[in-house]
Amino acid sequence: MEQLVTSPDNPAPAWSRTPHRPLQQAEQPAPGASRRARRARRTLAVTALFAAGALALSACGGDAEAGDHDAKNGQAGADAAAAKDASDAKIKVSSKDGATDASINDTGVTVTGGKLTDVKLTVADSGAPVAGAISADKASWKPGVQLERGTKYKITANAKDAKGRSATENATFTTVSSANSFIGSYTPDDGKTVGVGMPVSFNFDKVITNKKDVQSHIKVTSSSGQQVVGHWFGAQRLDFRPEDYWQAGSKITMKIDLDGVKGGQGITGVQSKTVSFTIGRSQVSTVDMNTQMMTVKRDGKTYKTIPISGGSPDHPTYNGQMVISEKFEQTRMDGSTVGFGGEYDIKDVPHAMRLSSSGTFIHGNYWGASSVFGNSGTSHGCVGLRDQKGGGGDTPGKWFFNESLVGDVVIVKNSHDQTVKPDNGLNGWNLSWSEWQAGSAA
């Protein structure tokens, strides 16, 4: 009798599934046949089990590959969907993330395709906030103060596009260090009104070897149209002036664009600003040591003549064109600071105006006899005007002080001393125009 092998794909006939139908003895197989049938069933069962295992293994391997493929496709799809739905706002931070030589001036944030919503700049170490402001059109942000050199900062900028989708940009950067940067202290200051002899003068805190690039990034122009040329005094000082004194009433503009400029090996500029000042009326005063008189000319006309007492024969006053660089209502003059030991120490000199770095002043003198003014030189090289202790009263010293501006010119002639050096104070006018031009690196 044919043996039935059942499986999910080959179910038993209905009669074989009837539990109450008795099997007839005659239908029982012979003992030998029974053993062969059992072996056949075992063989078929093992074969089926092996096949099922193979199918199972095949299914697991196939499912894993399909899963990886599906996962990759799923992630790619998610990425594509996210990219498609990304904000149109593109934020740019001027200082690159990780920079160690960031500018202290031009750090800022801009956005295209959207508007800034907030920007936060902090000092990385302390968390101290740095004030700043978003522009009216919300397209840019700038800090409200100049950043410190050699300081680490963190910035976070947020924006939204027209659909309200957000964008964020983060950066951490360190500004250029003091050791790796240079700055120039300059005079005159922005907004000042000065005399016709006032040069623009820079004093750099580092030795400049790349003079040409540094000079070419400082532009000085005059509303009068006068040509302005720079001149280097050594490696750390750069002055600018025209051929003749500035024209009265003109406006001088100085554009400093040194940020990022290499001043030499390992040093970079950090300044970026525009400064302007105004030239006042023309006042040039001439001191004649032969007559001990000073003639003050205002706009080319004699304004006043004042008796003076210049340097003594042992300590004559410098000759040459000197520019008033500082004014003091009252100051101390100690001879030991300018090489005269303890010869004098006057703690309340009135109406003093500096003419040289080495200590030449034109100032009020209350301790000298009135008879010396206009007659003899009695000072240690300064130009003295009759004055009162405390600076009160109607005196020549007070009058000249009140009528003078920083940048006015005082010319000394007929002295028995040498001409003042052009870099001793703001006195580059003592160089001819050709000599001045020869000192330019541009």
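Definitions and cut-offs
Residues numbered from 1 in each chain as written. Predicted model: local features only at pLDDT ≥ 70, side-chain atom pairs only at ≥ 80, totals over all residues. Heavy atoms only, no water. Helix = DSSP H or I, 4+ residues; strand = E, 2+ residues; numbered from the N terminus. Buried < 20%, exposed > 50% of the residue type's maximum accessible area, 1.4 Å probe, protein only. Contact = heavy atoms within 4.5 Å. Areas by Shrake-Rupley, 256 points an atom, 1.4 Å probe, with all protein chains shown as cover. Pairing = 2+ DSSP bridges. Axes fitted to C-alpha atoms, helices over the stretch in contact; angles between N-to-C directions. Core = buried A, V, L, I, M, F, W, Y, C linked by side-chain atoms within 4.5 Å. Salt bridge = Lys/Arg side-chain N within 4 Å of Asp/Glu carboxyl O. Phe/Tyr/Trp six-rings, centres within 6.5 Å; stacked < 30°, edge-to-face > 60°. pLDDT = per-residue confidence, 0-100.

Glancing now at the overall build of the protein. Helices and strands together make up the secondary structure of the protein, namely four helices and 27 strands. Looking at the protein as a whole, 39% of its 442 residues qualify as buried. Of the contacts formed within the protein by residues at least 6 apart in sequence, a portion of 64% connects residues at least 24 apart. Of the roughly 23800 Å² that the protein leaves accessible, carbon and sulfur atoms contribute 50%.

Attention shifts here to the environment of Pro 422. Take Pro 422: it is sitting in the loop between strand 27 (409-413) and helix 4 (433-438). A residue is classified by how much of its surface remains accessible, and Pro 422, at 17% relative accessible area, is buried. Sequence separation between Pro 422 and Phe 233 is 189 residues; the distance between their C-alpha atoms is 8.8 Å.

With that settled, consider the sheet that holds strand 2 (residues 109-112). Here four strands make up an open sheet; going across it, the order is 1-2-5-4 and the pairing antiparallel. Two strands in the sheet have a free side with no partner beyond their single neighbour: strand 1 (90-93) and strand 4 (132-134). On average, each strand axis in the sheet is inclined to that of its neighbour by 10°, with strand direction left out of account.

Backbone torsion omega between Thr 187 and Pro 188 reads 5°, so that peptide bond is classified as cis. Summarising the element assignment, Pro 188 is placed in the loop between strand 9 (184-187) and strand 10 (193-194). Even without glycine at this site, Lys 138 takes up a positive phi of about 60°. The topology assignment puts Lys 138 in the loop between strand 4 and strand 5 (140-143).

Here we have five strands laid out as an open sheet, ordered 21-20-19-27-22, and mixed in their pairing. For this open sheet the edge positions go to strand 21 (301-307) and strand 22 (320-323), each flanked by a neighbour on one side alone. Here the strands of the sheet are splayed against their neighbours by 20° on average, with no regard to which way each runs. Bridge analysis of strand 22 against strand 27 gives four bridges, and the strand direction is antiparallel. Looking at strand 27, one finds that Val 323 is bridged to Val 409. Each of strand 19 (283-288), strand 20 (293-298), strand 21 and strand 27 is contacted by helix 3 (residues 396-403), which is oriented at about 145° to strand 21, the strand it contacts most.

Our next topic: the environment of Leu 426. Along the chain, Leu 426 turns up in the loop between strand 27 and helix 4. On the basis of relative accessibility, which here comes to 9%, the residue Leu 426 falls in the buried class. Linking Leu 426 and Gly 197, residues 229 residues apart in sequence, is a C-alpha distance of 8.6 Å. Leaving out residues up to four positions away in the same chain, Leu 426 has contacts with Thr 187, Met 198, Pro 199, Ser 201, Arg 237, Val 323 and Ser 325.

So, on to the nonpolar core. Counting 31 residues, the largest nonpolar core has Phe 202, Phe 204, Val 214, Ile 218, Val 220, Phe 240 and Met 254 as its most contacted members. Of all elements in the fold, only strand 11 (200-204), strand 12 (218-222), strand 13 (228-233), strand 14 (237-242), strand 15 (251-257) and strand 18 (272-279) reach the threshold of two or more residues within this core. What Ile 218 contacts, discounting residues up to four positions off in sequence, is Phe 202, Phe 204, Leu 238, Phe 240, Met 254, Lys 255 and Leu 258.

Opposite charge on two side chains lets them pair, provided their charged atoms get close. Applying the stated criterion across every chain yields a total of twelve salt bridges. A salt bridge links Arg 165 to Asp 161, with the shortest nitrogen-to-oxygen separation between them at 2.9 Å. With a relative accessible area of 15%, Arg 165 lands in the buried category. Judged by relative accessible area, Asp 161 falls into the buried class, the value being 7%. Three or more residues are tied together by salt bridges with common partners; here these are Arg 332, Asp 334, Asp 345 and Lys 347.

Okay, the packing of aromatic side chains next. The final tally for this structure, using the stated rule, is nine aromatic pairs. Their ring planes at 45° and their centres at 5.7 Å tell us that Tyr 186 and Phe 202 sit as a pair that is tilted. Highlighted residues: Tyr 186 in strand 9 and Phe 202 in strand 11, separated in sequence by 16 residues. Note on accessibility: Tyr 186 and Phe 202 belong to one class, buried. Aromatic pair Phe 233 and Trp 436: ring centres 5.9 Å apart, planes at 70°, arrangement edge-to-face. Within this pair, whereas Phe 233 is found in strand 13, its partner Trp 436 is found in helix 4, the two being separated by 203 residues in sequence. A single burial state applies to Phe 233 and to Trp 436, both of which are buried. Taken together through their ring pairs, the aromatic side chains of Phe 182, Tyr 186, Phe 202, Phe 204 and Trp 232 make up a single cluster.

Moving on, we get to the pairing of strand 27. In the sheet, strand 19 pairs with strand 27 via five bridges, with the strands oriented parallel. Residue Asp 288 lies in a different strand from strand 27, and its bridge partner there is Lys 413.

Before going further, it helps to spend a moment on the confidence of the model for the protein. Here the protein averages 86 in pLDDT, while 80% of its residues score no lower than 70. The low-confidence segment residues 1-38, where pLDDT is below 50, has 14 contacts with residues more than four positions distant or belonging to other chains. Scored below 50 in pLDDT, residues 40-62 shows two contacts in the model against residues more than four places distant or in partner chains.

Moving on, we come to the side chain of Ser 404. Mapped onto the fold, Ser 404 is located in the loop between helix 3 and strand 27. On the accessibility criterion, Ser 404 (3% relative accessible area) is buried. Setting aside residues no more than four positions away along its own chain, Ser 404 makes contact with Arg 281, Gln 283, Ile 324, Lys 327 and Met 353.

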